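Close look at the chain arrangement
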Protein chains: 4
Amino acid sequence: MIRAGIIGGAGYTGGELIRILINHPEVELAFVHSRSQAGLPVSELHPDLIGECQLKFTDVAQFDVEVLFLCMGHGESGKFLAENNLPDKMLVIDLSHDFRWAPGFTYGLPELQRETIAHSRRIANPGCFATAIQLGLLPLAKAQALQDEVHVHAITGSTGAGQSLTATSHYSWRHNNLSVYKPFQHQHLAEIGQSLLHLQPGFAHALNFIPLRGSFTRGIFASLYTYTEMSEPELIQLYQDYYQDHPFVFISPNNPDLKQVVNTNKAILYLEKHGDKVLIISLIDNLLKGASGQAVQNMNLALGLKETAGLGLKAMAF
Amino acid sequence: MIRAGIIGGAGYTGGELIRILINHPEVELAFVHSRSQAGLPVSELHPDLIGECQLKFTDVAQFDVEVLFLCMGHGESGKFLAENNLPDKMLVIDLSHDFRWAPGFTYGLPELQRETIAHSRRIANPGCFATAIQLGLLPLAKAQALQDEVHVHAITGSTGAGQSLTATSHYSWRHNNLSVYKPFQHQHLAEIGQSLLHLQPGFAHALNFIPLRGSFTRGIFASLYTYTEMSEPELIQLYQDYYQDHPFVFISPNNPDLKQVVNTNKAILYLEKHGDKVLIISLIDNLLKGASGQAVQNMNLALGLKETAGLGLKAMAF
Amino acid sequence: MIRAGIIGGAGYTGGELIRILINHPEVELAFVHSRSQAGLPVSELHPDLIGECQLKFTDVAQFDVEVLFLCMGHGESGKFLAENNLPDKMLVIDLSHDFRWAPGFTYGLPELQRETIAHSRRIANPGCFATAIQLGLLPLAKAQALQDEVHVHAITGSTGAGQSLTATSHYSWRHNNLSVYKPFQHQHLAEIGQSLLHLQPGFAHALNFIPLRGSFTRGIFASLYTYTEMSEPELIQLYQDYYQDHPFVFISPNNPDLKQVVNTNKAILYLEKHGDKVLIISLIDNLLKGASGQAVQNMNLALGLKETAGLGLKAMAF
Amino acid sequence: MIRAGIIGGAGYTGGELIRILINHPEVELAFVHSRSQAGLPVSELHPDLIGECQLKFTDVAQFDVEVLFLCMGHGESGKFLAENNLPDKMLVIDLSHDFRWAPGFTYGLPELQRETIAHSRRIANPGCFATAIQLGLLPLAKAQALQDEVHVHAITGSTGAGQSLTATSHYSWRHNNLSVYKPFQHQHLAEIGQSLLHLQPGFAHALNFIPLRGSFTRGIFASLYTYTEMSEPELIQLYQDYYQDHPFVFISPNNPDLKQVVNTNKAILYLEKHGDKVLIISLIDNLLKGASGQAVQNMNLALGLKETAGLGLKAMAF
């Protein structure tokens, strides 16, 4: 069994990682670190884990593991790595945005660069919006077929904002509500742009991105469109070819809905041509394919396990 | 026009009072007090009021008003009244639980004691659960017909817990969720018990009360049952007679649902006899009949206005 | 009192009209017609109306009214008018899309053509999406300032789809879900296009419209953006000037959220300039400003009443 | 691999069974029968299964399987068994209420009679409410300690009502709503009563049961209380002893919330003593421990597999 540790296990992505790893056939969860919760049984803070996890949170980071997941707040991973001299051969997967496309780290989007990930020991896990949007655009970029501005509108569940208590996470405010935030300037635009340039050097069109807060807890619903000269059958073929051997991305033959992916590591894509524009719908669960599920997918790749190990998750469906 | 002031206008009940009073045909809202928000336009904190309220929050309590609503946190009203020497003839309506059934204050449940309220200048507005439960029991108590334990299960919307940020008000936690709190010992049991004793002296049976947090923002759904020798027609007649001239309480001929009362000052009651037990369903909007709407109803009574003035609110319905 | 009748009062817009009209200071609701529910008390089908409406549904259409609202399904209004010879002087307000921009009918968007409406006796009430989107674009169109394609995403509550039972209106499916429908080809594009041409003749750019089904019951959240040479202050001034004397449209100084308008007849607009694009957020309640509230606003104008009469509705807020 | 078939795979419980069985390590799903959907790919009707299930619905019931799950509507299972002469040695698990506590069938509540189930070939899967309520009472009944009436309130998610379109399953109605149905007379009372009599012969007190429809899709939240002479520590010990070797039932040390069990096969129980009454909270996912998960648990037992095989489901948590 591969020994795994989690730094920052009290938050949403940390909890979700624990939920996955305790059922992972090849992994033993060695410790869960949390400064704020040290000493508390993990199943008391994440009470759905009752009967499934006997660990207590520890504030001693242990390094006798083969894989270490960093689930701290943005900015904290950098500090942690500066303060702790981790062995080079230890696999470190960082879920913050501190090291995305940074030197020394591999950007961990398997559908972009699975081979590179498989040989990396420092992996920066992509952002949730970034994952949904990139999966919707990678085939076009690889085909050098992004010819114009891209228009993106994406709605996220509340867990994307983490567990800190804020005005926009208050139930009485958020329930039945919708709001836009960071229009045209969401921080994930940077990593998306780098990935697109990676595949289509010289890509210089605008990526117009309107993010919204939705009244649900899990999921990202992204709808994208752009000008293209390709026909609908050509586009569908392009996407099917691109994702053919990627086990978590599916081209839906029918117009999909968000709950098809909730509680799974899947991404579902759907394409429709209207006039000279292609509409691309891209759906993920922000905590799974958008965070902790993708982190495990990256671990599987980097450790030579089956890419889908531990990720056969039953969809919520309803 | 009657001049009204609000102390503590930044919270949920304060905001709801403003929403009612700006449309009240006989009232002019003179000021809204808030220590924390002084100087801010009211419509910036309560942004649904855009275009409807030009006031700014003030931290100077003004006493040149005929009615003063206290919408502060529990415990704060007592302090405020101790520190401020309010004229006896000023109508003071306190929405906290500081003075419910306290000497010098009239317990402001119009369906219990409308005449007393009409002659009071110090009114303690009932709690939201307390209102729903009492309305379900008053006719039986008045008829000296509470013969046994009463079983109460009531589910509240999130606004009942106010706007402070807590773990149980976090959207990611509360959405789609349910939980019990303070079973058998909710603080509203005290005021309910006093009202029942007021009508049925010697009442000494248990009131078993299980309160729950529901995943909606507004409303209280209370279901009560108790042993009774009365038949269903007798019970319905008893309730219809009791509430006949009370303009906000209705005996529904059909099994009701919560949204019939949401965004209104109504209470809807429904009765069914099963074996030797009567089931009583009692529904209110916790912020209206359970708080700010009832406060305005009390004001109307105490100032000799029409009881329903300003309270013809359109139901949400959906 | 003005006598009003409703044809098709069993549906959502019919019910909402009843809720408004029973509290309207100048209107008496003379009858509510419904073929399917004839004989049933109105308050039994719309049970939130208990105690507020004593009418029963009738299947006899009566024409001794000054205003008649047609709330039937799309296609039914045409049939009704063909079969019934209504007096020319009777005000007829049709909520279906049968007569929008049709000869003999005035398109009833007061913010577009209030004067024309005031002199009309046949008014076609706009669609809900159409209202939200047009309000977001009218000032630009009037200024001949729509210079490029417009990009629109809009999310609607479930009541927009009416009360018929369909797979996408099933609670188990829709709750926590999102889906796109009729992308680039929603039927409201026609009426929007005609209004824009009315103000900016020759407008020939694409209006790209992605409609979504949201997991809430009431409201439309539309976000629009387009290229513009105007600065943010110029844009805000343009919109403030345009809507200055329109009592239901507000330019919010802050980024708004949907619940500010829910259960009101308001529209809230918000503008932000990003690079060379302006983002316009436009919010309405689909059943009120998007349907029955706007119908009453049109009635008020056509009958010379105050435009806001009966429409001072308390926001849901939470 | 054990070959399994499903009769009636187009509904909610059928779909959920498929989701579980495709990931079950010992089972091969041989066919999914549906008269209404014959010929359609299973993943088109249950679109979350995209990429996970290549079967098409068939209208030919095949009997070359070791286990057959009947997921038809109530009343249909009886007809099916009358029309089809199934081999005695085939394991048949019926999810309807046709055969609960019926002769020839074992009532499939593993926590009541695991040994009997292990030797049965005809199993009647319990109802969802019945499961939640029985799990809350079995230890008391076994200890002959049910001494008085039991008071039960239980709130169910919408999937409990199946996928047929009804007024109470319409999103616009159910969202944010609550309602009582079948108070004191829910059909599950029969099977609960028989189980209690099975453990505590002579039990003759009333089981007062108020079922409610909640505004969420998955889960049952049951709160029960009854008079008892036992102390809280004695009660907790009693429950811990009873469920010690039952892998899906947990006694929570803390007051639990519904989402701890959603999307799992767990039941979580919680006990608190107040005066002379014990409050018991019992939580399950109605589609899993309340239906399809329990069916698989029964299959595991009857086929000699590990009781938890295929049921290590990641909780939704949020």
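Because the structure is predicted, anything quoted here is derived from the model rather than measured. Residue positions are counted from 1 within each chain, in the order its sequence is given. Here chains are named by letter from A upward and ligands by number from 1 upward, in the order in which they appear as written. With pLDDT at 70 or above as the cut-off, local features in this predicted model cover only qualifying residues; side-chain atom pairs require 80 or more to be listed or tallied, and sums for whole chains, interfaces and linings still use all residues.

**Examining the interface of chain C and chain A**
Many descriptions give the size of an interface as the accessible area lost when the pieces come together. Once C-beta atoms have been placed from the backbone, residue pairs whose C-beta atoms lie within 7 Å are recorded as contacts. Each side of the interface is counted separately: chain C has 30 residues, and chain A has 31 residues. Helix numbers and strand numbers start at the N terminus; a helix is a DSSP run of H or I with at least 4 residues, a strand a run of E with at least 2. Looking at the side of chain C that touches chain A, the elements that each hand over two or more residues are β7 (150-156), β8 (179-180), β9 (207-213), β10 (220-227), β12 (267-274) and β13 (277-284) of chain C.

**Regarding the sheet that holds strand β1 (residues 2-7) of chain C**
All names here are of chain C. When DSSP finds two or more bridges between a pair of strands, those strands are recorded as paired. What the 6 strands build is an open sheet, ordered β2-β1-β3-β4-β6-β5; its pairing is parallel. The sheet is open, and its two borders are formed by β2 (27-33) and β5 (106-107), each paired with just one other strand. Of the pairings in the sheet, the one linking β5 to strand β6 (residues 122-124) comprises 2 bridges and is parallel in character. Paired with T106 across the bridge in β6 is I123.

**Considerations on the packing of helix α1 (residues 12-21) of chain D against helix α9 (residues 288-302) of chain D**
All names here are of chain D. Lines fitted to C-alpha atoms define the axes here, with helix axes fitted over just the stretch in contact, and angles between the N-to-C directions of these axes take values from 0 to 180 degrees. Here α1 crosses α9 at 45 degrees, and the two axes come no closer than 9 Å. As judged from the angle between their axes, α1 and α9 are oblique. The interaxial crossing formed by α1 with α9 has right-handed handedness. Facing T13, E16, L17 and I20 of α1, the residues of α9 in contact are L288, A291, S292, G293, A295 and V296. Taken together, the residues of the contact of α1 with α9 sort by class into 6 nonpolar, 3 polar and 1 charged. Oblique is the label for every angle not falling under 35 degrees (roughly parallel), over 145 degrees (roughly antiparallel), or within 65 to 115 degrees (roughly perpendicular). With the far helix as reference, a near helix turned anticlockwise by less than a right angle produces a left-handed crossing, and one turned clockwise produces a right-handed crossing. Residues were grouped as follows: Ala, Val, Leu, Ile, Met, Phe, Trp, Tyr, Cys and Pro as nonpolar; Asp, Glu, Lys and Arg as charged; and all remaining residues, including Gly, as polar.

**A word on the relation of the copies chain C and chain A**
To line up the copies, we fit them by least squares on C-alpha atoms, keeping just the residues with pLDDT of at least 70 in both. When chain C is brought onto chain A, the operation consists of a screw motion whose angular component is 180 degrees and whose axial shift is 0.0 Å, with 0.0 Å RMSD remaining. Interpreted geometrically, this transformation is the action of a two-fold axis.

**Side note on the relation of the copies chain B and chain D**
Two chain copies here: they are related by a rotation about an axis and a translation along the same axis. Under the fitted operation, chain B is carried onto chain D by 0.0 Å of movement along the axis and a turn of 180 degrees, and the coordinates agree to an RMSD of 0.0 Å. Residue by residue, 100% of the interface of chain B is reproduced at the interface of chain D, so both copies engage with the same surface.

**Some remarks on the domain arrangement of chain A**
Residues and elements named next belong to chain A. As annotated, the domain borders come from an automatic or database domain assignment. By the assigned domains, chain A splits into domain 1 (2-126 + 289-302) and domain 2 (128-286). Distance from the C-alpha centre of domain 1 to the C-alpha centre of domain 2: 25 Å. Contacts between the two partners involve 17 residues from domain 1 and, on the opposite side, 25 residues from domain 2. Elements represented by at least two residues in the side of domain 1 that touches domain 2 include exactly α4 (110-118) and α9 (288-302). The leading source of residues in the side of domain 1 that touches domain 2 is α9, at 6 residues. Within the side of domain 1 that touches domain 2, the residues separate by chemical class into 8 nonpolar, 6 polar and 3 charged.

**Section: helix α8 (residues 232-243) of chain B**
All names here are of chain B. In a regular helix each residue adds 1.5 Å, so 12 residues correspond to 16 Å; α8 covers 17 Å between its end C-alpha atoms and thus fits that length. For every residue, the other C-beta atoms within 10 Å of its own C-beta are counted; 20 or more classify it as buried, 12 or fewer as exposed, and values in between as partly exposed. C-beta atoms are placed from the backbone. Among the residues of α8, L235, Y239 and Y242 are the ones counted as buried. Viewed along the axis of α8, the buried residues span an arc of 65 degrees, placing them on a single side of the element. If you follow the buried residues of α8, they end up packed against α5 (128-142), β12 (249-251), β13 (267-274) and β14 (277-284). Take the number of residues in a helix, subtract one, and multiply by 1.5 Å to get its expected span. Working definition: the arc comes from the directions between the helix axis and the C-beta atoms, pointing outward to the latter.

**Remarks on the environment of I6 of chain C**
Within the secondary structure, I6 of chain C is located in strand β1. By C-beta crowding, I6 of chain C is classed as buried, having 30 other C-beta atoms within 10 Å.

**Points about the interface of chain B and chain D**
Counting from both sides, the interface comprises 31 residues of chain B and, opposite them, 31 residues of chain D. Listing elements by their share of the side of chain B that touches chain D, those giving two or more residues are β8 (150-156), β9 (179-180), β10 (207-213), β11 (220-227), β13 and β14 of chain B. Residues belonging to the side of chain B that touches chain D are distributed by class as follows: 13 nonpolar, 14 polar and 4 charged.

**Things to note about the sheet that holds β7 of chain C**
All names here are of chain C. Ordered in space as β8-β9-β7-β10-β13-β12-β11, the 7 strands form an open sheet in which the pairing is mixed. Looking at strand neighbours, the two that pair on one side only are β8 and β11 (249-251), the edges of this open sheet. Pairing of β7 with β10 involves 7 bridges; the strand directions are antiparallel. Within β10, the residue paired with I155 across the bridge is F221. Packing of helix α5 (residues 128-142) onto the sheet brings it into contact with β7, β9, β10, β11, β12 and β13, and relative to β10 it is tilted by some 40 degrees.

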